[in-house]
Amino acid sequence: MTSEHPGLYESFDDRFRTGRCMNGDAALEVLYTGCRWAEGPVYVPAWRQLVWSDIPNDRMLRWDEETGAVSVFRRTAGHPNGNTLDREGRLISCEQGNRRVTRTEHDGTVTVLADRWQGKRLNSPNDAAVRSDGSIWFSDPDFGITSDYEGYRAESEIGANHVYRIDPSTGDVSLAADCFGAPNGLVFSADEQQLYVSDTKAGVVRVFDVREDGTLSDGKIFAEAGARGAARFDNLRFDDGGRLWVAAMDDGVHCYDPDGTLIGRLVVPEAVANISWGGAKRNRLFIAAETSLYSVVMGVAGTHPTGPGRRPWLDMAR
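Since this is a predicted model, take the numbers as computed values, not measurements. (Residues numbered from 1 in each chain as written. Predicted model: local features only at pLDDT ≥ 70, side-chain atom pairs only at ≥ 80, totals over all residues. Heavy atoms only, no water.)

Asker: I'm lost on the packing of aromatic side chains in this one. Help?
Answerer: For any pair of aromatic rings, geometry is given as the distance between the ring centres together with the angle between the planes. Taken as a whole and judged by the stated rule, the model has 14 aromatic pairs. Between Y43 and F286, the ring centres sit 6.2 Å apart and the planes meet at 15°, which makes this aromatic pair stacked. Residue Y43 is found in strand 3 (residues 38-44), and its partner F286 is found in strand 26 (residues 284-289); the two are separated by 243 residues along the sequence. Ring centres of W47 and F73 lie 5.8 Å apart, and the angle between their planes is 35°; this geometry places the pair in the tilted category. With W47 in the loop between strand 3 and strand 4 (49-54) and F73 in strand 6 (residues 70-75), this residue pair connects regions lying 26 residues apart in the sequence. (Phe/Tyr/Trp six-rings, centres within 6.5 Å; stacked < 30°, edge-to-face > 60°. Helix = DSSP H or I, 4+ residues; strand = E, 2+ residues; numbered from the N terminus.)

Written out as structure tokens, the structure is:
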């Protein structure tokens, strides 16, 4: 299918069309509706399932690709937000209510990876990214402690919103960057030399060079939400052409060329919180938007959330 489907796709630059971004399904598929605020979709190849968060309802749901069935993956889940996979295919979750980052082991037990920095409780971890060296990077805004809707109202012990790194050998939590209003989504470039971070409060996506010591350089602005009137950015993902796809809340899903040009967008009927690639070819974009989970099979494919290199568990799942 190669038509442009103007109802779903909106092009601002010819590169959106020539790059196959407009090839694919003619409309969004509704996989589930009934959430209070959907976030954090992650596709688990070994299970052929998608897991995502329903933050106010304090639960994680799963959609089965083979049957289309939706069931509860975990209830009383700590008001989870973002989810990703580590290099061994284990689920990494940011629990806003519990103010921690956890890993679900293959036997189903939960391991706490981070809940404090310098002895102080984290605010409310939001999103995580895994580098090929096994380090886990996560954002820590205050969304989960500002009210009881998505967590538990509390004062910040840290007094600021940062991005942190969990050392793969020691488990130590270190400060990666401290220059945010409200850091949110984060994703590594294909070569892992740069980290892209959305700052919801500032309405920008910033790009940082990753230093050898695990800290980030002063970030440059890559994209601004106000350029189209959209107020906020949430999470972000790369496709295999180096284009950055951004959950732009009320303005759908934005697509940026590697040079930072906004070349197109997907029109979504609800405010888009999070996106994630999945499916056997990783060309199915899953969209968590307010009350619903949507998907669209596209002409482009996404990069894997755990970076480059071989992952035996992923190879076995194919």
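Once the structure has been displayed, the description carries forward.
Asker: Would you explain unusual backbone geometry in this entry?
Answerer: Of all residues except glycine, most have a negative phi; of all peptide bonds, most are trans. In the Ramachandran plot, R48 falls in the positive-phi region, its phi being about 55° despite a non-glycine side chain. If you trace the backbone, R48 turns up in the loop between strand 3 and strand 4. With relative accessibility at 31%, the residue R48 sits in the partly exposed group. The backbone of E192 shows a phi angle near 65°, a positive value even though the residue is not glycine. In this structure, E192 sits in the loop between strand 17 (183-188) and strand 18 (194-199). The exposure class assigned to E192 is buried, which follows from its relative accessible area of 6%. (Buried < 20%, exposed > 50% of the residue type's maximum accessible area, 1.4 Å probe, protein only.)

Asker: Before we go on, may I ask you to explain the nonpolar core in this structure?
Answerer: When a protein is soluble and globular, its nonpolar side chains tend to lie buried together. Membership of the largest hydrophobic core comes to 23 residues, with the highest contact counts inside it found for W245, L266, I287 and M298. Of all the secondary-structure elements, those providing two or more residues to this core are strand 22 (244-247), strand 23 (253-256), strand 24 (262-266), strand 25 (272-278), strand 26 and strand 27 (292-297). Once you skip the residues sitting within four places of it in the chain, L266 turns out to touch L8, Y9, W245, D251, G252, V253, L285, I287, V296 and M298. (Core = buried A, V, L, I, M, F, W, Y, C linked by side-chain atoms within 4.5 Å. Contact = heavy atoms within 4.5 Å.)

Asker: How should the sheet that holds strand 3 be read in this particular structure?
Answerer: The strands that make up a sheet are held in pairs by hydrogen bonds between backbone atoms, and each pair lies either parallel or antiparallel. Read across the sheet, four strands follow the order 3-4-5-6 without closing on themselves; strand pairing throughout is antiparallel. Of all strands in the sheet, those bounded by a partner on one side alone are strand 3 and strand 6. Neighbour-to-neighbour, the strand axes of this sheet turn through a mean angle of 25°, independent of strand direction. Of the pairings in the sheet, the one linking strand 3 to strand 4 comprises five bridges and is antiparallel in character. What sits directly across from Y43, in strand 4, is L50. (Pairing = 2+ DSSP bridges. Axes fitted to C-alpha atoms, helices over the stretch in contact; angles between N-to-C directions.)

Asker: Is there a simple way to think about the side chain of R243 in this case?
Answerer: Inspection of the secondary structure puts R243 in the loop between strand 21 (236-238) and strand 22. We classify R243 as buried; its relative accessible area is 10%. Residue contacts for R243: discarding those within four places in its chain leaves G19, C21, R237, F238, C255, Y256, D257, P258, I263 and V300.

Asker: Teacher, can you tell me more about the confidence of the model for the protein here?
Answerer: Segments scoring low in pLDDT should not have their predicted coordinates read at a detailed level. When the pLDDT values of the protein are averaged, the result is 93; 93% of them are 70 or greater. Predicted confidence is poor over residues 310-318, with pLDDT under 50, and the contacts of this stretch with residues over four places away or in other chains come to 16 contacts. (pLDDT = per-residue confidence, 0-100.)

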